[in-house]
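Survey of secondary and tertiary structure
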Amino acid sequence: MALSAVRAAVARVPRSARSVGTVAIAGVTGAVGREFLNVLEERNFPVDNLKVLASARSVGKKVQFRGEELTVEELTENSFEGVDIALFSAGGSQSKKFAPAAAEAGCLVVDNSSAYRMDPKVPLVVPEVNPEAARNHVGIIANPNCSTIIMNVAVWPLYQKFGISRISVATYQAASGAGAAAMEELEQQARDWVAGKEITKNIWPRQYVWNLFSHDSAIDLETGYNEEEIKMIRETKKIFRDTDIQVSATCIRVPVLRAHCEAINITLNSPATADEVRDILSKSPGVTVLDDREGNQFPEPLLASGKDDVVVGRIREDLGQKPGYGIELFIAGDQLLKGAALNAVQIAELFA
């Protein structure tokens, strides 16, 4: 697909189009669910009726959308009659239970969980990278892992121009990736620490504030990689449609509320200078370049929070690789927006 067409498909501007009728949000009371509401409204998504769904314990709660108060209904297998598009962020088990019923009812599901990402029949889509893959859906489209999305937006333009044989990435992941309760616990731990109280440890069995630790997903005892790292490896190969690209990841949780950072080392197939890389990324959809060496201004979580674009900086040649073939990047992206809700809504916009 031409770059201009991709830009048109995913541009972050208020928009209107023909109505898609009814949209449902499954998991509306969670951190990503709340962002779905914000993104749909801010992007002027063409919906006539919005249905908000969650578990039984959230039934009756109220949410705001376009100045109106909506009442949360229980998510069931019968929730999707007459629904055109459903945005799911209710967890993998709920997606496995209810997404097939939604698809059977004729609804297009965009699922933010890991339930269907590696299913060969389900497209895995980052609209800046592979929007054309969405057209091959059979009722469900998967939203990639947040760290995968943020990395791929920054790396894909270089892959297209120069080819890439290897990516090595270290992530610095915010509390938002573990949900609203994790964000609240980080804030509570900060209050506990200031007050000299015992640190609250309901989400993680360790202190999070003022600390870093390996991502809290399960470790494969044979390889030593955790689930988050394996997701980044497998998903990138699928999205790029390149089983030969070598990807290695180390994922770390950091005491930041909602924006992930990543240090990325790339091996190119054809040589490039840092200036060429900077120029390409400055023209790429979904990317903002912040690479001020003189002023020492580069991507930070706070600068990316609440922003749609992935912020890219520290662009330099890797002195440890063959001259021209190694590139270093440091990036930041809002995990709840581009890493989740925004990417899903952009997928939905391909059908609006």
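See the structure above.
Residues numbered from 1 in each chain as written. Predicted model: local features only at pLDDT ≥ 70, side-chain atom pairs only at ≥ 80, totals over all residues. Heavy atoms only, no water.

**A few points about the overall build of the protein**
Defined as follows: Under the DSSP-based scheme used, a helix requires at least four consecutive residues in state H or I and a strand at least two consecutive residues in state E, with every element numbered from the N terminus. Radius of gyration: over C-alpha atoms. The globule rule applied is 2.2 Å multiplied by the number of residues raised to the 0.38 power. Here, two residues are considered to be in contact whenever any of their heavy atoms come within 4.5 Å of each other. For the area figures, the Shrake-Rupley method with a 1.4 Å probe applies, and any residue is considered shielded solely by the protein chains shown.
In terms of regular secondary structure, the protein is built from nine helices and 15 strands. Its C-alpha atoms give the protein a radius of gyration of 20 Å, near enough to 20 Å, the size a compact globule of 352 residues would have. Across its three principal directions, the C-alpha atoms of the protein cover 60 × 55 × 45 Å. Sequence separation of at least 24 residues holds for 67% of the intrachain contacts in the protein that already meet a minimum separation of 6. Of the roughly 15400 Å² that the protein leaves accessible, carbon and sulfur atoms contribute 49%.

**Considerations on the side chain of Thr-148**
Examined against the element boundaries, Thr-148 turns out to sit in helix α4 (residues 146–162). Setting aside residues no more than four positions away along its own chain, Thr-148 makes contact with Lys-231, Met-232, Glu-235, Thr-236 and Ile-239.

**Examining the packing of α4 against helix α7 (residues 274–282)**
To be explicit about the condition: Axes here refer to lines fitted to C-alpha atoms; in helices the fit is confined to the stretch in contact. Angles between the N-to-C directions go from 0 to 180 degrees. For any helix crossing, the convention is left-handed if the near helix is rotated counterclockwise from the far helix by under a right angle, and right-handed if that rotation is clockwise. Residue classes follow a fixed rule: Ala, Val, Leu, Ile, Met, Phe, Trp, Tyr, Cys and Pro count as nonpolar, while Asp, Glu, Lys and Arg count as charged, and any other residue, Gly among them, counts as polar.
At their nearest, the axes of α4 and α7 sit 10 Å apart, and the two run at 120° to each other. Classified by chirality, the crossing of α7 by α4 is right-handed. Along its contact with α4, which presents Ala-154, Pro-157, Leu-158, Lys-161 and Phe-162, the element α7 presents Glu-276, Val-277, Ile-280 and Leu-281. A class-by-class count of the residues in the contact of α4 with α7 yields seven nonpolar, no polar and two charged.

**Observations regarding unusual backbone geometry**
Note the following rule: Think of it in three bands: with a 1.4 Å probe and only protein chains considered, a residue is buried below 20% of the maximum accessible area for its type, exposed above 50%, and partly exposed in between.
Phi is positive for Trp-210, which is not a glycine, with a value near 60°. Structurally, the position occupied by Trp-210 is in the loop between α5 (180–195) and β10 (213–214). With relative accessibility at 58%, the residue Trp-210 sits in the exposed group. The backbone phi angle of Arg-314 is positive, close to 50°, even though this residue is not glycine. With respect to the element layout, Arg-314 can be found in strand β14 (residues 310–317).

**Focus: the sheet that holds strand β2 (residues 49–54)**
Stated formally: Paired strands, in this sense, are two strands between which DSSP finds at least two bridges.
The strand order across the open sheet built from six strands is β5-β2-β1-β6-β7-β8, with neighbouring strands paired in parallel fashion. The sheet terminates laterally at β5 (73–74) and β8 (140–142), the two strands that pair on one side only. Packed on one face of the sheet, helix α2 (residues 31–42) meets β1 (22–26), β2 and β6 (85–88) and runs near 150° to β1. Contacting β6, β7 (108–111) and β8, helix α9 (residues 337–349) runs over the sheet at an angle of about 165° to β6.

**Some details on the pairing of β14**
Bridge count between strand β13 (residues 287–289) and β14: three bridges; the pairing is parallel. Within the sheet, the bridge partner assigned to Val-287 lies in β14 and is Val-310. Pairing between β14 and strand β15 (residues 326–334): five bridges, direction antiparallel. Bridge pairing links Arg-316 to Glu-328 in β15.

**Concerning the pattern of salt bridges**
For clarity, the cut-off: Note on definitions: salt bridges are taken to be side-chain nitrogens of Lys or Arg within 4 Å of carboxyl oxygens of Asp or Glu.
Summed over the entire model, instances satisfying the criterion amount to 11 salt bridges. Between Asp-119 and Lys-121 there is a salt bridge, with its nearest N and O atoms 3.4 Å apart. In this structure, the salt-bridge partner of Asp-275 is Arg-278, at a minimum N-O distance of 2.7 Å. Of this pair, Asp-275 and Arg-278 both sit in helix α7, three residues apart, which is roughly one turn of the helix. Its relative accessible area of 55% is what places Asp-275 among the exposed residues.

**Digging into the sheet that holds β10**
Within a sheet, each strand pairs with its neighbour through backbone hydrogen bonds, oriented either parallel or antiparallel. Strand order in the open sheet formed by seven strands is β10-β11-β9-β12-β15-β14-β13, and the pairing between neighbours is mixed. The sheet is open, and its two edges are formed by β10 and β13, each paired on a single side. In this structure, β10 lies alongside strand β11 (residues 246–253), joined through two bridges in antiparallel fashion. Residue pairing across strands places Phe-213 opposite Arg-253, the latter belonging to β11.

**Here we look at the side chain of Ser-248**
One can find Ser-248 in strand β11. The residues touching Ser-248, leaving out its near neighbours within four places in the chain, are Arg-166, Ile-167, Ser-168, Val-169, Tyr-225 and Ile-233.

**With respect to the packing of α2 against α9**
Our working definition: Angle categories: roughly parallel below 35 degrees, roughly antiparallel above 145, roughly perpendicular from 65 to 115, and oblique for all the rest.
Two numbers describe how α2 lies on α9: the axes approach to 9 Å, and their chain directions differ by 50°. The angle between α2 and α9 places the two elements in the oblique class. Classified by chirality, the crossing of α9 by α2 is right-handed. Contacts from Val-32, Glu-35, Phe-36, Val-39 and Leu-40 of α2 reach α9 at Leu-337, Ala-340, Ala-341, Leu-342, Ala-344 and Val-345.

**What about the layout of surface pockets?**
The criterion, for reference: Cavity and pocket criteria rest on a 1 Å grid covering protein atoms alone: a 1.4 Å probe that fits but cannot get out defines a cavity, protein on both sides within 12 Å along at least 5 of 7 lines defines an open pocket, and an atom within 4 Å of a point defines a lining residue. Grid points are joined across faces, edges and corners, and a volume is the space filled by probe spheres set on the points.
Roughly 960 Å³ of internal volume is contained in the largest pocket. As for the largest pocket, its lining consists of 42 residues, and the residues nearest its centre are Ser-89, Gly-91, Gly-177, Ala-178 and Gly-179. The residue makeup of the lining of the largest pocket, split by class, is 14 nonpolar, 21 polar and seven charged.

**Brief notes about α2**
To keep it simple, the criterion reads: In a helix, the anticipated span is given by 1.5 Å times the number of residues less one.
Under the 1.5 Å per step criterion, the end-to-end length of α2 is 17 Å for 12 residues, consistent within 8% with the ideal 16 Å. The set of residues buried in α2 consists of Ala-31, Val-32, Gly-33, Glu-35, Phe-36, Leu-37, Val-39 and Leu-40. Structurally, α2 contributes buried residues whose contacts are with β1, β2, β3 (62–65), β6, α5 and α9. Count one or two residues on from α2 and you reach Asn-44, which has phi positive near 55°.

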